[in-house]
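Descriptive structure summary
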Amino acid sequence: MDPVAQLVYNDTQVIAATAATDLSGLYNSLLDKYMQPGFWHGFFVSLAVIIVSEIGDKTFFIAAIMAMKHPRMLIFSAAIGALIVMTILSVVLGFITTIIPQVYTFYAATFLFVIFGLRMLYEGYHMNDDEGQEELEEVQMELKKKEEELDNQKTVSDLETGASETAAVSSTPSPIGSIFKSIFSPIFITAFTMTFLAEWGDRSQITTIILSSREDPWGVCIGGCFGHSLCTAGAVIGGRMIAQRISVRTVTLIGGVVFLLFAVSSLYRGPS
C-alpha cells in the first residue's frame, strides 16, 4: 500500500476507535444515570399510583365529558398540559423537602401511605356500585354551568364589539394563527383550569410530592406524566364507556391495597 494511503488509513482507524470509545462512554454514562434501579422503581411506583388514583377521578370525567362535545385533541392537550404542570410542580416541591433529614421524610411518607391506603379501603368498602355515575353527573353539572357562563360572556362580547357582524367577512386565519386561537380559546382555558384546580390538593398530587422526596425525581416525574397521559387518553377516547364498564369501587379498593403495599415496601427498604 502507498505510504500516504497507509498513513491516512491508520489515522482513520484511530479516529474511528476514539469515536467508538467516546460514544460507548457516553452511552454507559447515560445508562448509569437514568436506567439505574432507583429510576425504574420511582417510575413504576409513580405510574401505579397515578393509574389507581385517576381512573374515575374528577379530572378523568372532566376530560371525558368535554371530549364528547369538543375536539378530542384540544381537550387532551389542555388536560394533559395541566396535569404535566401539576406533576412537575409536585416533583419540585418533593425534591425541595430533601433538605429535611431523610429519616423524617421516611416516616412521614410511610405514615401517609398507610393513611391513604386505609382511607381508600374504607371508602371503597362503603361505596355504592354507582358511585362513578354520581361523580360523572356532578362533573356534568359543573361543566354545564361553566358553558352557560362562557355562552353569556360570548354573547355580551359579540354585542359590544360587533364581532357577529364582522365574522362573516374576516379573512381566513393562518395555520399558526389557528393554533394560537385554539390554545387561547375559552374551551382550552376551561379544560386546563378545571383540570388543574381539580388536581390541586388531590391524593395523587400529595403522593407525587411524597414519592419525589423518597424516590428518583426523574423516575417519579416521567412515570407520573406517562400515567396521566394513559388515563387522560382513555378518558378522551372512551371515558363514558370506561366509567360504565369499570367499577370505581373496585379501582378504589385496589388502590387502597396498592398504597398499603407501598407502605410495606417503604418499611422494608428503610430510611436509607
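My aim in this report is to walk through the structure given alongside it, one point at a time. (Residues numbered from 1 in each chain as written. Predicted model: local features only at pLDDT ≥ 70, side-chain atom pairs only at ≥ 80, totals over all residues. Heavy atoms only, no water.)

This brings us to helix H4 (residues 72-96). In this model, H4 (25 residues) spans 36 Å end to end at C-alpha, consistent with the 36 Å of a helix rising 1.5 Å per residue. Along H4, the residues classified as buried are Leu74, Ile75, Ala78, Ala79, Ile80, Ala82, Leu83, Met86, Thr87, Ser90, Val91 and Gly94. (Helix = DSSP H or I, 4+ residues; strand = E, 2+ residues; numbered from the N terminus. Expected span 1.5 Å × (residues − 1). Buried < 20%, exposed > 50% of the residue type's maximum accessible area, 1.4 Å probe, protein only.)

The final tally for this structure, using the stated rule, is 2 salt bridges. Note that Arg119 and Glu123 form a salt bridge whose closest N and O atoms lie 3.0 Å from each other. On the criterion of helical spacing, the pair formed by Arg119 and Glu123 is a turn pair, its members being 4 residues apart in helix H5 (residues 102-125). Given a relative accessible area of 49%, Arg119 falls into the partly exposed group. (Salt bridge = Lys/Arg side-chain N within 4 Å of Asp/Glu carboxyl O.)

In the contact formed by H4 and helix H9 (residues 186-199), the axes pass within 8 Å of each other and the chain directions differ by 35°. Considering the relative orientation of H4 and H9, their crossing is right-handed. Contact residues: Leu74, Ile75, Ser77, Ala78, Ala79, Gly81, Ala82, Leu83, Val85, Met86 and Leu89 in H4; Ile187, Phe188, Ala191, Phe192, Thr195, Phe196 and Glu199 in H9. The residue inventory of the contact of H4 with H9, partitioned by class, reads 14 nonpolar, 3 polar and 1 charged. (Axes fitted to C-alpha atoms, helices over the stretch in contact; angles between N-to-C directions. Left-handed = near helix turned anticlockwise from the far one by under 90°. Contact = heavy atoms within 4.5 Å. Nonpolar A, V, L, I, M, F, W, Y, C, P; charged D, E, K, R; others polar.)

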